[in-house]
Amino acid sequence: MASRAWVLPLLLLLTRPGATAAKELLKGISYGPAPLKKAGKLPNDDFMSTSAKAQWSTSGRGDLHIMKRLGANAVRLYGNDPREDHTPFLDEAVVQGLQVIPGMSDYPYTQMPKNCMTTDFNCYSQIKEQYKSMLQNGFAKDGAYHGALKTIIVINEPDLKIPGITKPNEFCRAIVSAIDGMIDAEKETDTKSNLINFTATFSFGQCTACKGSSKPALGQMMELRSAMEKPEDVGYEAKNNLAEVYKTRFTNSFNTANPANDMKPLFLNDYEANFDSTPVFIGEYHSTHVSTKKDIHDVIEVAKNSDALVGVSFFEFQVRYDKGGTEMDFGMFGLGQISLAEMNFFGVEFPVWCLMKIQDVKDPGNTIADSLTLGFEGEGIPDDQLCVIDPKKVPLSEDGYQAILSTKSVDKMADYVRRVIWHMGGDVVDDKALMTFAKKYTKQTLEVTVRRLSDLSFASMVDELGQHPSWVLWDAMAACVADRSADKGTIGEAIGWACGKFRSFNCSDLPSFCSEDVWAHADYVFSLYFAVETDHSSPLENCNFGGAAMFAPSKVYRSQDSTCIVTKDPATTALSEEGYQMILQINDTNKAAVFIQREVEDLKMKVANKSALMDFAMKPPAHFKDLKEQLPQVPWVCGGPSGRNCPFPINPSNGGGGGWVVGLIICIVLLFAAVLAALYVRRKRQMAAREVEQPLSEA
């Protein structure tokens, strides 16, 4: 296996037995957090996409952080949309100290048009194209795999679906051809370093058609090893040396619902006798027929004492209500009654429900999550930290207000009101007045007794704040910008919506310096849309874009990159046609001069005469393009494309900093004169002294 010194400290996770480093077990959690509370269909199953950020990130429900607190060091996934950028998820996993074990989706194998089943289980072309897109969308960068990745599941339970456990040649052909395609995808994307392992996760079924063994999963693994060593035996002509890939980059894995005491007699004893150099892990582990507390402890002990078993991934993080039936027996967390946020998951809105621990039916008094924490030696998470209504995360809507109101907490209401004010372009300057307002909207003051309780709502709160109370400092330079806590999927959809609604701007004319980053792109579109397409009367409504934007005070957006925000502030507005027109509309010479000087400096020139700049700003060009063309030609600039050297010292009247040079020269001249005067006085004194000494000597 290739050396990867920089990966997270799972030193022997899925590596070759016999290494000298201390063995650290894989303690993973299988993750498929469907946001449904009943049977139903989802628009996508890629839960490591940014569309699901409200669930996995610390800015949302914080699922990855919760896993870490339970003692996990890895997360195993299933759905994988190659069109999605998975960098944010992988980055978050690194922050939380988790390895990521993603899986290829079933889509290219069994669902897409011209899937593997239509090409006689030769999956090379389908998987190569899918995997190439994944590498380009976060799995790799600059020729190296992302640091969160160590192993990828080529296919989950192939022995059950392509075409079935009775046809090992076919499912082995699918696997070896898929791996062959993934190797070529690496070559085509020039991914050469920090290489990860491949695995095919088999079921724990008995393959009586497999040669070598009928033990659960073992026969399938023996057939696959033979196919990797001699792919022609299963009807596939490999393009790469798959035997070498198996020796250096392959790990076996399987899923099981059997308890720990079955592992050695049913599988591990025979595996260790037949596979002396290939590690194995359990990709789904959870027996619902025994105590989780005891069983997790026992299977960890089995792994600690095995030369081959490197660990397990517990199945699973959340109850899958959408699947129904016995599939609902496995989750350690259920979905609670409190919606923490809203999530736009591939175009469909879902509430992000808080989590609640599921009791272990085989161990009354213990929850599955707490039992796993003991086995994984984690710090754990108290129940009261799961369904927490966070004023920083609930939606800015009536639902969000009611959620905060249900806590009966004035402090939380104050935090919520402060957040609403921020989104309206203000900043609280009187905390005492804020608390009075929060008490009122928590319905804990006498004022509410003289009016109906229903009169207090999110709408009435916004209406009162819209009157601009004196205890809030309202920023005239507030702007509609992208909300950095939103996910990129929501941002992208909002950009598309706004671009389709513009009457005075074509998004194809977006400045090039704002097109490379999605946040800068959104800042430009949102700020411009709010400035020219709305009446500015309701920023919470007109600067929302489905939760993608916020109407931020200038101190908020200036703390991040503000080069693509269109405002009436000449010192910060975008250097573009739209930014220029915003300043011209103010009809203020001083502000026009500030903008023009910024453009001069952006063109790598300097203002040599500020008085001339002010004269120019009184009648500036009508368009930004004309301004850029004229500036190098005007006589009051120097350097850069003007072709004129900047004079020294610069004319003090230009206000450009030449005055200090003149002052320095004057000081030097005065100092020199003082020195000369001192020397002259000293010389005179010496001459006078000699005249006195001479008569005395003669006497």
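Everything in this summary refers to the structure shown in the same document. (Residues numbered from 1 in each chain as written. Predicted model: local features only at pLDDT ≥ 70, side-chain atom pairs only at ≥ 80, totals over all residues. Heavy atoms only, no water.)

## Thoughts on the packing of helix α6 (residues 168-188) against helix α8 (residues 242-249)
Then, in step 1: Close contact between α6 and α8 brings their axes to 11 Å; oriented N to C, the two are set at 85°. One finds that α6 runs roughly perpendicular with respect to α8. Touching V176, I179, D180, I183 and E186 of α6 are L242, V245 and R249, all from α8.
Then, in step 2: In terms of residue class, the contact of α6 with α8 is built from 5 nonpolar, no polar and 3 charged. (Axes fitted to C-alpha atoms, helices over the stretch in contact; angles between N-to-C directions. Helix = DSSP H or I, 4+ residues; strand = E, 2+ residues; numbered from the N terminus. Parallel < 35°, antiparallel > 145°, perpendicular 65-115°, else oblique. Contact = heavy atoms within 4.5 Å. Nonpolar A, V, L, I, M, F, W, Y, C, P; charged D, E, K, R; others polar.)

## Considering a negative patch on the surface
Then, in step 1: Together, E342, E349, E398, D399 and E493 give the surface a local cluster of negative charge.
Then, in step 2: Along the chain, the position of E493 falls in helix α16 (residues 488-501).
Then, in step 3: E493 gets classed as partly exposed once you look at its relative accessible area, which sits at 37%. (Patch = residues over 30% accessible without salt bridge, like charges linked within 9 Å, V, L, I, M, F, W, Y side chains within 5 Å. Areas by Shrake-Rupley, 256 points an atom, 1.4 Å probe, with all protein chains shown as cover. Salt bridge = Lys/Arg side-chain N within 4 Å of Asp/Glu carboxyl O. Lys, Arg positive; Asp, Glu negative; His and termini not counted. Charge placed at Lys NZ, Arg CZ, Asp CG, Glu CD. Buried < 20%, exposed > 50% of the residue type's maximum accessible area, 1.4 Å probe, protein only.)

## A look at the pairing of strand β1 (residues 26-30)
Then, in step 1: Judged by how many residues are buried, β1 sits mostly within the fold: 5 of 5 residues are covered.
Then, in step 2: Two strands pair when backbone bridges link them, and β1 and strand β10 (residues 309-314) are joined in this way by 4 bridges, in the parallel orientation. Looking across to β10, one finds that G28 is bridged to S313.
Then, in step 3: Two elements, β1 and strand β2 (residues 74-76), share 3 bridges in a ladder whose sense is parallel. Across the sheet, S30 pairs through a bridge with R76, a residue of β2. (Pairing = 2+ DSSP bridges.)

## Topic: unusual backbone geometry
Then, in step 1: Following I162, the chain continues into P163 via a peptide bond in cis, with omega recorded as -15°.
Then, in step 2: Within the secondary structure, P163 sits in the loop between β6 (151-156) and α6.
Then, in step 3: For the bond running from F315 to E316, omega is 0°, close enough to zero to count as cis.
Then, in step 4: For E316, the position within the fold is in the loop between β10 and β11 (333-345).
Then, in step 5: In this model, D142 sits at a positive phi of 55°, which is unusual for a non-glycine residue.
Then, in step 6: Given a relative accessible area of 75%, D142 falls into the exposed group.
Then, in step 7: At N194, a residue that is not glycine, the phi angle is positive and equals roughly 55°.
Then, in step 8: Within the element layout of this structure, N194 appears in the loop between α6 and β7 (197-202).

## Points about the packing of aromatic side chains
Then, in step 1: Counted by the stated rule, this structure contains 31 aromatic pairs.
Then, in step 2: With a centroid separation of 5.2 Å and an interplanar angle of 80°, the aromatic rings of W56 and F89 are classed as edge-to-face. Of this pair, W56 sits in helix α1 (residues 53-56) while F89 sits in helix α3 (residues 87-96), and the two are 33 residues apart along the sequence.
Then, in step 3: For W56, a relative accessible area of 1% gives the class buried.
Then, in step 4: The exposure class assigned to F89 is buried, which follows from its relative accessible area of 0%.
Then, in step 5: Geometrically, the ring pair formed by F505 and Y524 is tilted, given 6.0 Å between the ring centres and 45° between the ring planes. Note that F505 is positioned in the loop between α16 and α17 (518-533) and Y524 in helix α17, a separation of 19 residues in sequence.
Then, in step 6: Exposure remark for Y524: the relative accessible area of 0% places this residue in the buried category.
Then, in step 7: A connected cluster of aromatic rings, assembled from ring pairs, spans W497, F502, F505, Y524, F526, Y529 and F545.
Then, in step 8: Sitting over the ring of W353, K37 keeps its end group 3.8 Å from the ring centre. (Phe/Tyr/Trp six-rings, centres within 6.5 Å; stacked < 30°, edge-to-face > 60°. Lys NZ or Arg CZ within 6 Å of the ring centre and 35° of its normal.)

## Looking at the state of the cysteines
Then, in step 1: The full count for this structure, using the stated rule, is 7 disulfides.
Then, in step 2: A sulfur-sulfur distance of 2.3 Å marks the disulfide that ties C116 to C123.
Then, in step 3: A sulfur-sulfur separation of 2.0 Å characterises the disulfide bridge that pairs C638 with C646. Handedness of the C638-C646 disulfide follows from its S-S torsion of about 95°: it is right-handed.
Then, in step 4: Its relative accessible area of 30% is what places C646 among the partly exposed residues. (Disulfide = S-S within 2.5 Å.)

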